[in-house]
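# Structure at a glance
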Amino acid sequence: MRNSVNRPPTPDAAEDPGKEPTLQEIINIKLIESGEKERLMELLRERLIECGWKDEMKALCRAFIKKKGRSNVTVDDLVHVITPKGRASIPDSIKAELLQRIRAFLVQAAV
């Protein structure tokens, strides 16, 4: 599997040709192939900027760096500390909107 910092692993066909993909993998592949995943990611970016979430995360990062000292902080440290706070602070309305869009896509794609 190919890994990315920001995305879950993408299944490789060569890894295990006899293995059937899971429903989650099938949905992920359909989202990618249709371009819907990129549209959803862009919508998420827009909504997070609109609600001030991005600025809030930036402020948390700056405060953490200031507390620990610029030379004593790595990107991994920031990711480890900020990720749980970031995920927990995404507004429910944005989560609901994305879920509704994903459901509509699944109905339309007949997955």
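Keep in mind the model is a prediction, meaning the values are calculated, not measured.

### Some words on the environment of Leu40
Structurally, Leu40 can be placed in helix α2 (residues 36-50). Along the sequence, Leu40 and Leu98 sit 58 residues apart, while their C-alpha atoms lie 7.1 Å from each other. Beyond its immediate sequence surroundings of up to four residues, Leu40 is in contact with Leu31, Leu98, Arg101 and Ile102.

### A few points about helix α4 (residues 75-88)
Between its terminal C-alpha atoms α4 stretches 20 Å, which fits the 20 Å expected from 14 residues at 1.5 Å a residue. Residue Ile82 marks the point of greatest curvature in α4, where the axis turns by about 40°; the proline Pro84 follows within four residues. For α4, the complete set of buried residues consists of Leu78, Ile82 and Gly86.

### A word on the packing of α2 against helix α5 (residues 92-109)
One way to put it is that α2 packs onto α5 with a least axis distance of 11 Å and a crossing angle of 165°. Judged by the inter-axis angle, α2 sits roughly antiparallel to α5. The interaxial crossing formed by α2 with α5 has right-handed handedness. When α2 is examined against α5, the residues Glu36, Leu40, Leu43, Leu44, Arg47 and Leu48 are found in contact with a partner set consisting of Ile94, Glu97, Leu98, Arg101, Ile102 and Phe105. The residue inventory of the contact of α2 with α5, partitioned by class, reads eight nonpolar, no polar and four charged.

### Observations concerning helix α1 (residues 23-34)
Its 12 residues give α1 an end-to-end C-alpha distance of 16 Å, which sits within 8% of 16 Å, the value for a rise of 1.5 Å per residue. Those residues of α1 that sit buried are Glu25, Ile27, Asn28 and Leu31. Looking straight down α1, one finds its buried side chains confined to an arc of 165°; they lie on one side. Exposed residues pointing more than 90 degrees away from the buried face of α1 are listed as Leu23 and Glu33. Close packing links the buried residues of α1 with α2 and α5. Among the residues trailing α1, Gly35 stands out with phi positive, at a value near 85°.

### Brief notes about the confidence of the model for the protein chain
Overall, the predicted model of the protein chain reaches an average pLDDT of 88, with 84% of residues at or above 70. Here α1 stands out as the least confident element of the protein chain, with mean pLDDT 92; α2 is the most confident, with 97.

Conventions used here
- Residues numbered from 1 in each chain as written.
- Predicted model: local features only at pLDDT ≥ 70, side-chain atom pairs only at ≥ 80, totals over all residues.
- Heavy atoms only, no water.
- Helix = DSSP H or I, 4+ residues; strand = E, 2+ residues; numbered from the N terminus.
- Contact = heavy atoms within 4.5 Å.
- Expected span 1.5 Å × (residues − 1).
- Bend = angle between axes of the 7 residues up to and from the residue.
- Buried < 20%, exposed > 50% of the residue type's maximum accessible area, 1.4 Å probe, protein only.
- Axes fitted to C-alpha atoms, helices over the stretch in contact; angles between N-to-C directions.
- Parallel < 35°, antiparallel > 145°, perpendicular 65-115°, else oblique.
- Left-handed = near helix turned anticlockwise from the far one by under 90°.
- Nonpolar A, V, L, I, M, F, W, Y, C, P; charged D, E, K, R; others polar.
- Arc of directions from axis to C-beta.
- pLDDT = per-residue confidence, 0-100.

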